[in-house]
Amino acid sequence: MSDNRVDQLINDLELTPHPEGGYFCETYRSEGSITGQGGSYPDGRNYSTAIYYLLRGGDISRFHRIRSDEVWHHYEGSPITIHVIHQDGLYQALYLGKDISGSEKPQHVVPAGSWFGATVDQQDGYALCGCTVAPGFDFDDFEMADRYMMLQAFPEHEAIIRKLLPDL
């Protein structure tokens, strides 16, 4: 059943492959943008963006990082684990799902500059999520992790690094 549902979601939501893994479609880009702030974002950066993001069981979202905070929302399917390595090297597992009385929450924030990736908790499942970024997402701020560099920087997290950055 989940394969049919995943195919339906990919078609109905017009999802396309994402460079980190999974499928996505941008659903919102604010008309408003940063101007004359003199901050760390260039003029013209949108205030906020949002996407649908779908990950099949057995697939991964590879470690990557972006310049802005990213809010994840769980819409449908299996819970997922968002694996975060914070800038200070601390590893954190964020459980995104609907079992609020358990350890899951329907929304989590990944702080700007943190390395993160995700896995679907049920091997034969899938997860449809949303991701909201503020200031808005721009691929100029997207950095895929390098496995060798990650293992050198965070040897204590070798198992999850190898899982989310497999040999290609």
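Here, the structure is the one placed above.
Rules and cut-offs
- Each chain carries its own residue numbering, running from 1 in the written order of its sequence.
- Given that this is a predicted model, residues contribute local features only at a pLDDT of at least 70 and side-chain atom pairs are listed and counted only at 80 or more, while totals for whole chains, interfaces and linings are drawn from all residues.
- Hydrogens are left out, water is left out, and the side-chain values use all remaining heavy atoms of the structure.
- Exposed residues in this analysis have more than 50% of their type's maximum accessible area, buried residues have under 20%, and partly exposed residues fall in between, with area computed by a 1.4 Å probe over protein chains only.
- Here a strand is any run of E in DSSP of at least two residues, a helix any run of H or I of at least four, and the numbering for each starts at the N terminus.
- Directions are taken from the helix axis to each C-beta atom, and the arc is the one they span.
- Contact criterion: two residues are considered in contact whenever any of their non-hydrogen atoms come within 4.5 Å of each other.
- What makes two strands pair is DSSP finding at least two bridges between them.
- To define axes, lines are fitted to C-alpha atoms, for helices over the stretch in contact only, and angles between the resulting N-to-C directions are given on a 0 to 180 degree scale.
- Think of a polar contact as two N or O atoms within 3.5 Å of one another; within protein, one of them needs to be a possible hydrogen donor and the other a possible acceptor, and neighboring residues in sequence only count if both atoms come from side chains.
- The definition of a nonpolar core used throughout is a set of buried Ala, Val, Leu, Ile, Met, Phe, Trp, Tyr and Cys residues joined through side-chain atoms within 4.5 Å.
- Aromatic rings from Phe, Tyr and Trp, with only the six-membered ring used for Trp, were paired whenever their centres fell within 6.5 Å, and each pair was classed as stacked if the ring planes differed by under 30 degrees, edge-to-face if by over 60, and tilted otherwise.

Asker: Go over helix α1 (residues 2-12), please, and point to the residues and values.
Answerer: Counting along an α-helix, one turn takes 3.6 residues, and residues three or four places apart therefore face a common direction. If you check which residues of α1 are buried, you get Val6, Leu9 and Ile10. Taken end-on, α1 shows its buried residues confined to a sector of 100°, consistent with a single buried face. Opposite the buried face of α1, by more than 90 degrees, sit the exposed residues Asn4 and Asn11. On its buried face, α1 sits against β2 (23-29), β3 (49-56), β5 (69-77) and β10 (126-134). Glu14 sits one or two positions beyond α1 and adopts a positive phi of about 55°.

Asker: Please give an account of the sheet that holds strand β8 (residues 107-110) that cites residues and values.
Answerer: The antiparallel open sheet is built from 6 strands, whose spatial order is β1-β2-β3-β10-β5-β8. On the outer flanks of this sheet lie β1 (16-17) and β8, each paired with one strand and no other. The pairing of β5 with β8 spans 4 bridges and is classified as antiparallel. Counterpart to Trp72 in the pairing with β8 is His108. Docked against the sheet, α1 engages β2, β3, β5 and β10, running at close to 155° with respect to β3.

Asker: Go over the side chain of His64, please, and point to the residues and values.
Answerer: Following the sequence through the fold, His64 ends up in strand β4 (residues 60-65). For His64, the side chain forms a polar contact with the main-chain oxygen of Arg62, separated by 2.7 Å. Setting aside anything within four residues of it in sequence, one finds His64 in contact with Glu20, Ser114, Trp115, Phe116, Phe142, Glu143, Met144 and Ala145.

Asker: Break down the pairing of strand β6 (residues 80-85) for me, with residues and values.
Answerer: Where burial is concerned, most of β6 is hidden: 6 out of the 6 residues are buried. Side chains Ile80, Ile82 and Val84 project from β6 onto one buried face, and the interleaved Thr81, His83 and Ile85 project onto a second face that is buried too. In this structure, β6 lies alongside strand β7 (residues 91-96), joined through 6 bridges in antiparallel fashion. Across the sheet, residue Ile82 finds its bridge partner in β7, namely Leu94.

Asker: Explain the nonpolar core to me, using residue names and the numbers behind them.
Answerer: Counting residues in each nonpolar core, the largest one holds 17 residues, and the members touching the most others are Tyr53, Trp72, Ile80, Ile82 and Val110. Those elements that provide at least two residues to this core are β3, β6, β7, β9 (115-120) and β10. Ile85, Leu151, Ile161 and Leu165 belong to the second-largest nonpolar core, a separate cluster that totals 12 residues.

Asker: Would you mind going over the packing of aromatic side chains in detail, with residue names and values included?
Answerer: For the coordinates displayed, the defined rule picks out 6 aromatic pairs. An angle of 75° between the planes, with centres 6.2 Å apart, marks the rings of Tyr52 and Tyr75 as edge-to-face. With Tyr52 in strand β3 and Tyr75 in strand β5, this residue pair connects regions lying 23 residues apart in the sequence. Looking at Tyr52, the relative accessible area reads 28%, which means it is partly exposed. Aromatic pair Phe137 and Phe142: ring centres 6.2 Å apart, planes at 75°, arrangement edge-to-face. Judged on exposure class, the residue Phe137 and its partner Phe142 are both buried. Three or more aromatic residues joined by ring pairs form one cluster here, namely Tyr53, Trp72 and Phe116.

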